[in-house]
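Examining the three-dimensional arrangement
One-letter residues, chain by chain:
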Amino acid sequence: MTPYRIEIDRDAQKWLARLTDAKLRQRLVAAIDALAQNPRPAGVKKLTGFDHRYRVRVGDCRIIYEVRDRMLLVLVLDVGDRKDIYRRN
């Protein structure tokens, strides 16, 4: 399978950069990188109300992303704590 290209939204990049827990940042980056090989891994949830939007759980954080199969693109829209990430999207 051809790997997908990963693009990360500026707000998601900023949130990752501000994250003080280096281990959590590594886990999140590893999960985002893994989406290139499998954009719909085990444990992924499709978000209701959207055709191509999903979320992956990494501890108490969530990665919200969109899969564009025709372009082989995974667009990471947001990364954040589960408490407030759904309010932002």
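Residues numbered from 1 in each chain as written. Predicted model: local features only at pLDDT ≥ 70, side-chain atom pairs only at ≥ 80, totals over all residues. Heavy atoms only, no water.

A closer look at the overall build of the chain
A count of helices and strands for the chain gives 3 helices and 5 strands. In the chain, the succession of helices and strands from N to C terminus is β-α-α-β-β-β-β-α. Since a compact globule built from 89 residues should have a radius of gyration of about 12 Å, the 12 Å found for the chain is in line with a globular shape. Judged by the C-alpha coordinates and their principal axes, the chain covers about 35 × 25 × 25 Å. When each of the 89 residues of the chain is scored for burial, the buried share is 38%. In the chain, the proportion of contacts linking residues at least 24 apart, taken out of those at least 6 apart, comes to 47%. Counting every atom, the chain has about 5900 Å² of accessible surface; 48% of that belongs to carbon and sulfur. Charge-centre separation for the chain: the mean point of 20 positive side chains lies 3 Å from the mean point of 12 negative side chains. (Helix = DSSP H or I, 4+ residues; strand = E, 2+ residues; numbered from the N terminus. Rg over C-alpha atoms; globule rule 2.2 N^0.38 Å. Buried < 20%, exposed > 50% of the residue type's maximum accessible area, 1.4 Å probe, protein only. Contact = heavy atoms within 4.5 Å. Areas by Shrake-Rupley, 256 points an atom, 1.4 Å probe, with all protein chains shown as cover. Lys, Arg positive; Asp, Glu negative; His and termini not counted. Charge placed at Lys NZ, Arg CZ, Asp CG, Glu CD.)

Looking at the packing of helix α1 (residues 10–18) against helix α2 (residues 22–34)
At a minimum axis distance of 10 Å, the contact between α1 and α2 shows a crossing angle of 150°. In terms of their interaxial angle, α1 and α2 are classed as roughly antiparallel. Crossing of α1 over α2 shows left-handed handedness. Judged by residue contacts, Trp15, Leu16 and Ala17 of α1 engage Arg25, Leu28 and Ile32 from α2. Its residues assigned to classes, the contact of α1 with α2 shows 5 nonpolar, no polar and 1 charged. (Axes fitted to C-alpha atoms, helices over the stretch in contact; angles between N-to-C directions. Parallel < 35°, antiparallel > 145°, perpendicular 65-115°, else oblique. Left-handed = near helix turned anticlockwise from the far one by under 90°. Nonpolar A, V, L, I, M, F, W, Y, C, P; charged D, E, K, R; others polar.)

Honestly, that's just the spatial picture; any functional story needs more than this.
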